[in-house]
Amino acid sequence: MTRDRVAVTVRGVVQGVGFRWFVQRTAGGLELDGWVRNRTDGSVELVAEGEADAIAELLASVEA
């Protein structure tokens with residue numbers, strides 16, 4: 001089983017609106033490992049590791 005890893009910085013209105021919770025819940029449902037945190041510049045940083053298809057699905061959810 002090959003695991004992929006992605007690191008992403010999301011900018012826009014993403015702090016204080018449940019975005020981290022959404023990412024954590026979505027990633028958990030896709031059986032991904034990683035973390036998500038607010039940055040001082042107002043962006044949110046996330047790292048996800050797991051199957052490539054699951055990572056692609058997470059990224060599609062974040063872009064929506």
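As a starting point, this report considers the structure included with it. Here the structure is a predicted model, which means the values were calculated and not measured.

## With respect to the pattern of salt bridges
One side chain can pair with another of opposite charge once the charged atoms of both are near each other. For the coordinates displayed, the defined rule picks out 4 salt bridges. The salt bridge partner of glutamate 49 is arginine 5, with a shortest N-O separation of 3.2 Å. Residue glutamate 49 is found in strand β3 (residues 44–50), and its partner arginine 5 is found in strand β1 (residues 4–10); the two are separated by 44 residues along the sequence. Overlapping salt bridges bring together Arg3, Arg5, Asp33 and Glu49 as one network.

## What about the side chain of threonine 26?
If you trace the backbone, threonine 26 turns up in helix α1 (residues 19–29). At 2.8 Å, the side chain of threonine 26 forms a polar contact with the backbone oxygen of phenylalanine 22. For threonine 26, the contacting residues outside a window of four places in its chain are Leu58 and Ser61.

## Regarding α1
Residues Phe19, Val23, Thr26 and Ala27 constitute the buried set of α1. Viewed along the axis of α1, the buried residues span an arc of 95°, placing them on a single side of the element. Residues of α1 that are exposed and point more than 90 degrees away from the buried face comprise Trp21, Arg25 and Gly29. Packed against the buried residues of α1 are β1, β2 (33–38), β3 and α2 (52–63). Phi turns positive one or two residues past the end of α1, at glutamate 31, with a value near 60°.

Conventions used here
Residues numbered from 1 in each chain as written. Predicted model: local features only at pLDDT ≥ 70, side-chain atom pairs only at ≥ 80, totals over all residues. Heavy atoms only, no water. Salt bridge = Lys/Arg side-chain N within 4 Å of Asp/Glu carboxyl O. Helix = DSSP H or I, 4+ residues; strand = E, 2+ residues; numbered from the N terminus. Polar contact = N/O pair within 3.5 Å; in protein donor to acceptor, adjacent residues only side chain to side chain. Contact = heavy atoms within 4.5 Å. Buried < 20%, exposed > 50% of the residue type's maximum accessible area, 1.4 Å probe, protein only. Arc of directions from axis to C-beta.

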